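The primary structure of each chain is shown beneath.
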Amino acid sequence: MTLPHSPGGVGEPRPPQAVQVHRREHRREEEQKEERQHSLQMDSSTRRRTFRSSEEEYQFSAADYALAAALALTASSETTWEAQLRRQTSAVELEERGQKRVGFGNDWERTEIAFLRTQWLLRQRRDRKALRRRTEEKVREAKELRELCSGRGPWFWIPLRSHAVWEHTTVLLTCTVQGSPPPQVTWYKNDMRIDPRLFPAGKYRITNNYGLLTLEIRRCTVEDAATYTVKVKNTYGQASSFAKVLVRTYLGKDAGFDSEMYKRLMFGPSVEFTSVLKPVFAREKETFSLNCLFSEDVLDAEQNIQWFRDGRLLRSSGRRQILYSDRQAVLKVACAYKEDEGLYTIQVPSPFGLREQSAYVFVRDAAAEKPGVPGSPLNVRCLNVNRDCLILTWTPPSDTRGNPITGYSIELCQGESEEWVPCHQAPGGTCRCPIQGLIEGQSYRFRVRALNRAGSSVPSKASEPVVMGDRDEAQRKTEIPFDMGKTITVSTDDFDDFVTIPSPPTNVHASEIREAYVVLGWEEPRPRGKAPLTYFLEKSVIGSGTWEAINSETPVKSPRFALLDLEKGKSYVFRVRAINQYGMSDPSEPSEPIALRGKPAEKQRDHRPAKFQNIKNYISLGKRLLEVQAFFFQINNSHVTASSLGPYFCVLATLPPPTQVQAFRDTQTSVSLTWDPVKDSPELLGYYIYSREAGSSEWRTVNNKPIQGSRFTIPGLRTGKEYEFCIRSVSEAGVGESSAITEPIRVKQALATPSAPYDFALLNCGKNEMVIGWKPPKRRGGGKILGYFLDQHDSEELDWHAVNQQPVPTQVCKVSNLHEGHFYEFRARAVNWAGVGELSAPSKLFECKEWTMPQPGPPYDLRVFEVRATSLMLTWEPPLYQGAGPVTGYRISFQEEGSEEWKPVTPDLISGTHLRVSPRPAAGYSDSRTSKLDRPSEVTALAYWQQRIRKGISDLQPGKTYMFQVQAVNSAGPGQPSMPTDPVLLEDKPDAREIEVGVDDEGFIYMAFEAPEAPDSAEFQWSKDYKGPPDPERVKVKEEANKSKIILKDPGLEDLGTYSVVVTDADEDISASHTLTEDELNKLKKLSHEIRNPVIKLISGWNVEILEQGEVRLWLEVEKLSPAAELHLIFNEKEIFSSPNRKINFVREKGLVEVIIQPLTEDDKGSYTAQLQDGKAKNQITLALVDDEFDKLLRAADAKRRDWKRKQGPYFVEPLQWKVTDDCQVLLTCKVTNTKKETRFQWFFQKREFPAGQYDPQTGAGLLCIEELSKEDQGVYRAEVSDDRGEDDTILDLRDEALDAIFTELGRIGALSATPLKIQGTEEGIRLFSKVKYYNVKYMKTTWFHKEKRLESSDRVRAGTTLDEIWLHILDPKDSDKGKYILEITAGKEVRQLSADLSGQAFEDAMAEHQRLKALAIIEKNRAKVVRGLPDVATIMEDKTLCLTCVVSGDPAPEIYWLKNDQPVTFLDRYHMDVKGMEVTITIERVNSEDSGRYGVFVKNKYGSETGQVTISVFKHGEEEKVLQM
């Protein structure tokens, strides 16, 4: 990194050399200025002079402005007026000298030239003053910026570097730091601060010389080897740098820079991967992670562990986390998108170079919102961002889910609003679309949805935010260097003169032509002025002769515009006008003819910008080098590519597919594809790969992000399955056609050379010979190991020597011609069909000394098979050296991972050379495979555990890792242990296969084992009881592709035992076993007999059905039969055939046998037997129709036949039935069908016609409504329907139980209709009641509860019911009557409870009402009133005596008054009143007509009053009685 130098002080004296350099530069600038001014003059002898008027503006190029600014800056020291005048005078003199050389001779011309020269000088003087003012402002701003930046945090210009030194030498650590203010410096050794005072004098020396920091360590020792760190800090920040110091001693070859010690000190410990990155299959919008384990801790993990995707370094972000802890590195991606798909690589440094692993991450489409919608697009990008428009591109999805894409929906989001708004729809054949009408300065994000006929996909990942702005603004700016590395930015807009109406734009051309749109481009007018510009576009169809305005929703601010409404097949020309605040320019020159889908219709002209066209003109005119350099400076800053030198035409068409697509084997789960890429297609985005299993028609996408290159490995395939592949090219036009389908390829390990053998062991040793054994390679290369080449090395010699020239087929080799007492080491290579494999590491040294020990040698070839969570199998070979006596047994030991202790597997010795080890199950662990060791019920617990011990039950636990070894034992004791096995994890592999036991189609019992992952050269080695291959006299071995099975020829007890199989030449253990027990064999033999003696499978035995007209159908169903199948139907030991009353049907393709009997009679009683035969298969099914079963069938058939006859006329489809409505009405309903107009419907009750019933001929419904059911309604109801075709009736007996059921239902509905309890105050007390629609004392029971205690009727509490009410009356209520009251209504099984709380305000209100009514009752009782006696009207003849008597009441006794016509009666003469107790009498003697009128008796006391009235009519003698009309 280079920083600008600080300028020197202003007042410092300059050295003489600097003054001379300045003078030379000044003279050079004066000469260049003179030459430039002279070039502005036009020689009359070579060309005609052109003059400008005083109103015209002089045009200066950008190079002139840049040069003027540079001259002004370099001459900044001459700022006085005299210096300026001197410069102007010298310029005038130079011009005059030039004019004198012309010798023109025309005085008028000289005068005009002098006038123009003076005008030009004045204009130049004005321009220079303006430029100087602008430059001074820029310089002032730059100085202020430099002052603001002068205060900054420290940083290391030159950091510390590591050193490796010899002991007793001195090392100097140096670095350079910068910062303002100067920082504080602290040194550390292994994070411990260095204080020189705490060490011997002169051990450390620390200096700081103007930012040059040094740490000197004298006479280094081994203790000085460490990591040294220097930390610097000031008020603006801090920084640090570290270096390692390695102190080497003179240790020969171990002391160099290549030594292990140096590498570990410089690069840290050797880090290896302990896990393998595997492909990840994630889904869109979900989370995925990659995990990697290391053997050691990684120092500075954040800097040293690096993750890459497709070669690009990844950093932590909002969706991505890079973590490290406990030797584990994790890359976690939340909310995955298809853009996250790719090849992920992790790199970590080590002393021996970078270590790395890679894995591909596939991101599948998210679950579809609707079936059939396509996947989402990806890689949405914004290109050519202008002020108000841009070009949006994306990549089409790989999966359209069976429906082609018809278009794309584009959505935008402004700023950080997260509000997505649809803005445009693009056709389906393009993945590129212009977006217009955007706002300058606004930030936008875009996303795209794919559309097809099924709907819209989920949205794509949003594009990166873009801010709309002027893309040409940077081209109008120029940086001018000055003052030792500083720069000033000058814009050409600052030098534009005042422009009113702009000039017309230039170079109108089609910058991009697509099938659906054309992007029109042009150059801004020059000069453009400082006022903002917009543009007005016009178009014209070739041949029309008219121009039409192109309308846009918003003003066009950018020199680009997309035309989306052009018609195909027509050619257009376009022109543009510029508009500012002062007006509109003239139209530009028309463009060349432009048409959709192809190049312009007529000859093309050069549409490149004018600056590119004028390059040759600049060179041909001999412009100065400075002008040419300034022009190219402008080009380099305009971000122009080669493609912009011409028009961009594109006819949208998908790319052809790649050719020569070939598939090759890779691993057991992957296939490698190669192809020839599509050539000469710059628009190619990549390729999509599709796969399917051979024979399937459904293609599946492999990748959802286009891949580059011409090779790809497809993981995640099923081992042993055959696949086909095809590839499609991807471009902006969409996904192309499919390539040719590859030949089916079976997924298996590709053939490769094997890895190295390992774990050499000495099996026997003589005086001059050794027997060496080893383990086979871990990777066999997908093929059979043909043999091994062994090398030997004598420790006393330098060279290695080959032991054998031909491969040794076994893993044991006898080496002869050795020297006794010498030490030898060995190494080996394995050989397969691919060649010689890797060379193994040398074994340890073995001494060639004859074995004479009494103990046996080590067993060898110890192998582990059939590894499961609950068991494993060990096999080995006996030792080659027997010792003093024969081997009497073997001792098996195991060692748990992380432990150094070897423990015995079993307490007793093992007599054979194999052992099944069964770990002791953990608590709560269940295993279905332990059925082979199920304990019989008659075996005692002791015997059971002894059996388990003999089978090798140990303290091993599922889920842990162990190693095993074997020792042979003879009479002298245990011998040498074998080479331990590789670590074994006790677990159930998800893809582990077991032996299949069954019976084939020919009835043979077989045991089969399938291994799709087996190599092509693999062999299936069967063994019985682990003693060797099964007896070929009893079994037959049959081999198929990746499958082998043994067939028992004559199954018997001799075949019982454990059968095991091992697949050879596989890298991993592929083995299984099965114990054939006697019970299982018997079941298999039974099944075999059934297959060899087939029986036609019976699906359904004899079935008996009665058809609609009373026919009896007998039928049975068997499996599908061939056309040659035969049927013999036997009835009572005699074969029968089809006849009129017995129809026999035999449908072979359905396996149906059918007999239809019409009518069924006594002659049809007996047994029916169907005898079937189809090839070898037979079956016989019998049906017995006798005794009660036949009689019952006969009656049912007759009833069915009669019912059918009944239905030939009108009949009841719904019989009479009753129904209780919610209003407690009883409805009797029925329904008739098959009626006609003449059909008659009648109701009967107790055998008498009942006219109250109803009948609806339209619906056939009959209805009889009983409003209030009572005992009088019980009886037999009958409905009858009849016409000329017949009659039918239905009867309903509403008596006894039926009537009780109706009353019970009425009670239930009445109970359900009960209203909530209400509280009412009465004159006697408080009344609680509930209204019901129906109440029947016999069928409904009511019970009252008070405070959960049942209430009984008493003097104060009375309960009762009416037809519509249930009540409880509390007389003379008291406080003890407060509380909750419950009414329980029981109707049949229906129980309903109603409650009311008679307390608080409810009790107070009821008591108040009770007191009020009680008072009113007292008043009413004691009130004065006329009880009885007075008639309404009385007539009497004149001269008679009238006597009116009435009874009154009242307490106290009321006052009594008589009224006549509302006037008091005066009791004189003829009027008399007599009161006897409560009886009042009025007597009128000798009545006459004047006594007629309305009389009343008025009684009153303190409680009230009442009037009793009577009308008296008096008639004369001889007149008729008449009532007086009042």
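Please read all numbers here as calculations on a predicted model, not as lab measurements.

Undergrad: Quick one: what's the story with the sheet that holds strand E83 (residues 1318–1321), residue by residue and with numbers?
TA: Pairing is antiparallel in the open sheet, where 4 strands are placed in the order E83-E84-E88-E87. Edge strands, defined here as strands with exactly one partner in the open sheet, are E83 and strand E87 (1357–1361). With strand direction ignored, the average angle separating the axes of adjacent strands in the sheet is 20°. Relative to strand E88 (residues 1365–1371), strand E84 (residues 1325–1331) runs antiparallel, the two being bridged by 7 bridges.

Undergrad: For the nonpolar core, give the residues involved together with the corresponding values.
TA: With 49 residues, the main nonpolar core has Leu 1306 and Leu 1328 as its most contacted residues. A per-element tally of this core places helix H13 (residues 1297–1312) first, with 6 residues. In contact with Leu 1306, other than residues within four places in its own chain, are Val 1220, Cys 1224, Val 1226, Leu 1269 and Tyr 1334. With 29 residues, the next largest nonpolar core counts Leu 1127, Ala 1170, Phe 1190 and Leu 1194 among its residues.

Undergrad: Quick one: what's the story with a nonpolar patch on the surface, residue by residue and with numbers?
TA: The grouping of Leu 751, Leu 786 and Trp 833 at the surface amounts to a nonpolar patch, some 350 Å² of accessible area in total. Tracing the backbone shows Leu 751 in the loop between strand E42 (745–746) and strand E43 (758–765).

Undergrad: I'd like to hear about H13, residue by residue, with values.
TA: Here H13 is 16 residues long and its end C-alpha atoms lie 22 Å apart, about the 22 Å a rise of 1.5 Å per residue gives. Taken together, the buried positions of H13 are Leu 1299, Ile 1302, Phe 1303, Leu 1306, Gly 1307, Ile 1309, Gly 1310 and Ala 1311. Buried residues belonging to H13 abut strand E75 (1211–1220), strand E76 (1226–1233), strand E82 (1286–1294), strand E89 (1379–1387) and strand E90 (1390–1398).

Undergrad: Got a sec to walk through the packing of aromatic side chains? Specific residues and values, please.
TA: Within this structure, the stated rule accounts for 30 aromatic pairs. Ring geometry for Phe 362 against Phe 712: centres 6.2 Å apart, planes inclined by 90°, an arrangement best described as edge-to-face. On the criterion of sequence distance, the pair formed by Phe 362 in strand E17 (residues 355–364) and Phe 712 in strand E39 (residues 711–714) is long-range, its members being 350 residues apart. The exposure class of Phe 362 is buried, given its relative accessible area of 2%. Here the aromatic rings of Trp 774 and Tyr 788 are separated by 5.4 Å at their centres, their planes lie at 75°, and the arrangement is edge-to-face. In this pair, Trp 774 is assigned in strand E44 (residues 770–775) and Tyr 788 in strand E45 (residues 787–794), connecting sequence segments 14 residues apart. Side by side, Trp 774 and Tyr 788 carry an identical accessibility label, which is buried. Three or more aromatic residues joined by ring pairs form one cluster here, namely Phe 281, Tyr 360, Phe 362 and Phe 712. The ring centre of Tyr 188 lies 5.0 Å from the NZ or CZ of Lys 231, which sits over that ring.

Undergrad: Before we move on, could you go through the environment of Thr 1229 and cite the residues and values that matter?
TA: By the secondary structure assignment, Thr 1229 is in strand E76. You can call Thr 1229 partly exposed: its relative accessible area is 23%. Taking C-alpha positions, Thr 1229 is 9.7 Å from Tyr 1255, a pair spaced 26 residues apart along the chain. What Thr 1229 contacts, discounting residues up to four positions off in sequence, is Pro 1215, Leu 1216, Gln 1217, Gly 1262 and Leu 1263.

Undergrad: Explain the environment of Val 1510 to me, using residue names and the numbers behind them.
TA: Tracing the backbone shows Val 1510 in strand E99 (residues 1504–1515). A residue is classified by how much of its surface remains accessible, and Val 1510, at 1% relative accessible area, is buried. For the pair Val 1510 and Arg 1494, spaced 16 residues apart in sequence, the C-alpha to C-alpha distance is 5.9 Å. In contact with Val 1510, other than residues within four places in its own chain, are Leu 1430, Pro 1431, Asp 1432, Val 1433, Ala 1434, Leu 1444, Gly 1493, Arg 1494 and Tyr 1495.

Undergrad: Outline the pattern of salt bridges, listing residues and values.
TA: For the structure shown, the criterion picks out 70 salt bridges. For Arg 449, the salt bridge identified is with Glu 411, shortest N-O distance 2.9 Å. Of this pair, Arg 449 sits in strand E23 (residues 443–452) while Glu 411 sits in strand E20 (residues 407–414), placing them 38 residues apart in sequence. Each member of the pair, Arg 449 together with Glu 411, is buried. The salt bridge partner of Glu 838 is Arg 779, with a shortest N-O separation of 3.2 Å. Of this pair, Glu 838 sits in the loop between strand E49 (835–836) and strand E50 (846–847) while Arg 779 sits in the loop between E44 and E45, and the two are 59 residues apart along the sequence. Taking relative accessible area as the criterion, Arg 779 reaches 43% and is therefore assigned partly exposed. Salt bridges sharing partners connect three or more residues here, namely Arg 432, Glu 512, Arg 514 and Glu 732.

Undergrad: Can you lay out the pairing of strand E71 (residues 1142–1147) for me, pointing to particular residues and giving the numbers?
TA: The side-chain alternation of E71 yields one buried face, formed by Arg 1142, Ile 1144 and Phe 1146, and one unburied face, formed by Lys 1143, Asn 1145 and Val 1147. Sheet analysis places E71 next to strand E72 (residues 1152–1157), joined by 6 bridges and oriented antiparallel. Paired with Phe 1146 across the bridge in E72 is Val 1153. In this structure, the hairpin formed by E71 and E72 is closed by a connection of 4 residues, where Gly 1151 is found at a positive phi of approximately 70°.

Undergrad: Describe the side chain of Asp 1377, naming the residues involved and giving the relevant values.
TA: Relative to the helices and strands, Asp 1377 resides in the loop between E88 and E89. Beyond its immediate sequence surroundings of up to four residues, Asp 1377 is in contact with His 1346, Arg 1356, Ile 1370, Asp 1372 and Leu 1398.

Undergrad: Lay out the sheet that holds strand E22 (residues 432–435) with the relevant residues and their values.
TA: Spatially, the 3 strands line up as an open sheet ordered E18-E19-E22, and their pairing is antiparallel. With partners counted over all chains shown, the strands left at the sheet margins are strand E18 (378–383) and E22, one partner each. Geometrically, the sheet is characterised by an average inter-axis angle of 20° between neighbouring strands, direction not taken into account. Pairing between E18 and strand E19 (residues 390–395): 4 bridges, direction antiparallel. Note that in E19 the partner of Arg 381 across the bridge is Thr 393.

Undergrad: Tell me what's going on with helix H12 (residues 1187–1206), and back it up with residues and numbers.
TA: In this model, H12 (20 residues) spans 29 Å end to end at C-alpha, consistent with the 28 Å of a helix rising 1.5 Å per residue. Taken together, the buried positions of H12 are occupied by Phe 1190, Leu 1193, Leu 1194, Ala 1197 and Arg 1201. One side of H12 holds all its buried residues, which, seen down the axis, span an arc of 105°. Of the exposed residues in H12, those oriented more than 90 degrees away from the buried face are Asp 1188, Lys 1192, Arg 1195 and Arg 1202. In this structure, the buried side of H12 is in contact with strand E67 (1098–1106), strand E68 (1112–1118) and strand E74 (1177–1185).

Undergrad: How would you explain the confidence of the model for the chain if you had to name every residue and give the values?
TA: Of the residues in the chain, 84% have a pLDDT of 70 or more, and the chain-wide mean is 83. With pLDDT under 50 throughout, residues 70–80 is counted as low confidence; its partners more than four residues away or in other chains account for 15 contacts. In the model, residues 922–951 has pLDDT below 50 throughout and makes 27 contacts with residues more than four positions away in sequence or in other chains.

Procedures and definitions
Residues numbered from 1 in each chain as written. Predicted model: local features only at pLDDT ≥ 70, side-chain atom pairs only at ≥ 80, totals over all residues. Heavy atoms only, no water. Pairing = 2+ DSSP bridges. Helix = DSSP H or I, 4+ residues; strand = E, 2+ residues; numbered from the N terminus. Axes fitted to C-alpha atoms, helices over the stretch in contact; angles between N-to-C directions. Core = buried A, V, L, I, M, F, W, Y, C linked by side-chain atoms within 4.5 Å. Buried < 20%, exposed > 50% of the residue type's maximum accessible area, 1.4 Å probe, protein only. Contact = heavy atoms within 4.5 Å. Patch = residues over 30% accessible without salt bridge, like charges linked within 9 Å, V, L, I, M, F, W, Y side chains within 5 Å. Areas by Shrake-Rupley, 256 points an atom, 1.4 Å probe, with all protein chains shown as cover. Salt bridge = Lys/Arg side-chain N within 4 Å of Asp/Glu carboxyl O. Expected span 1.5 Å × (residues − 1). Phe/Tyr/Trp six-rings, centres within 6.5 Å; stacked < 30°, edge-to-face > 60°. Lys NZ or Arg CZ within 6 Å of the ring centre and 35° of its normal. Arc of directions from axis to C-beta. pLDDT = per-residue confidence, 0-100.

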